[in-house]
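Structure assessment
The lines below spell out each chain.
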Amino acid sequence: MADLTPTSATPGLHVSKPSPSEPATASAVCHCGASASAKGDVQVGALVAGWNANHGSAHAAPGTTR
């Protein structure tokens, strides 16, 4: 399986929840330099909401779509 962890060279958001009984984890790296990680369903939900509001397609690099 490919490593889906975002990096500055491959920015993005990665969320994982291996099973319903395990907490979700997430990591995010934006092309603007911002990065974050979270563990736990509530914290991951907040990270995803922040990513959607402030990063990703909210300010995609010129010439790209996300």
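For the structure given in this document, a descriptive report is provided here. (Residues numbered from 1 in each chain as written. Predicted model: local features only at pLDDT ≥ 70, side-chain atom pairs only at ≥ 80, totals over all residues. Heavy atoms only, no water.)

It is worth spelling out the nonpolar core at this point. In this structure, Ala24, Ala26, Ala28, Cys30, Ala38, Val44, Leu47 and Trp51 together form the largest nonpolar core, which totals 8 residues. Listed by contribution, the elements that provide at least two residues to this core are β2 (25–29) and α1 (41–54). The dominant element in this core, judged by the number of residues it contributes, is α1, at 3 residues. Residues contacting alanine 26, with those up to four places away along its chain left out, are His14, Val15, Ala36, Ser37, Ala38, Val44 and Leu47. (Core = buried A, V, L, I, M, F, W, Y, C linked by side-chain atoms within 4.5 Å. Buried < 20%, exposed > 50% of the residue type's maximum accessible area, 1.4 Å probe, protein only. Helix = DSSP H or I, 4+ residues; strand = E, 2+ residues; numbered from the N terminus. Contact = heavy atoms within 4.5 Å.)

The 3 strands are arranged β1-β2-β3 in an open sheet whose pairing can be described as antiparallel. The strands lining the two open edges of the sheet, one partner per strand, are β1 (12–16) and β3 (35–39). Pairs of neighbouring strands in the sheet enclose a mean axial angle of 5 degrees, with direction left out of account. Relative to β2, β1 is paired through 5 bridges, and the arrangement is antiparallel. Counterpart to glycine 12 in the pairing with β2 is valine 29. (Pairing = 2+ DSSP bridges. Axes fitted to C-alpha atoms, helices over the stretch in contact; angles between N-to-C directions.)

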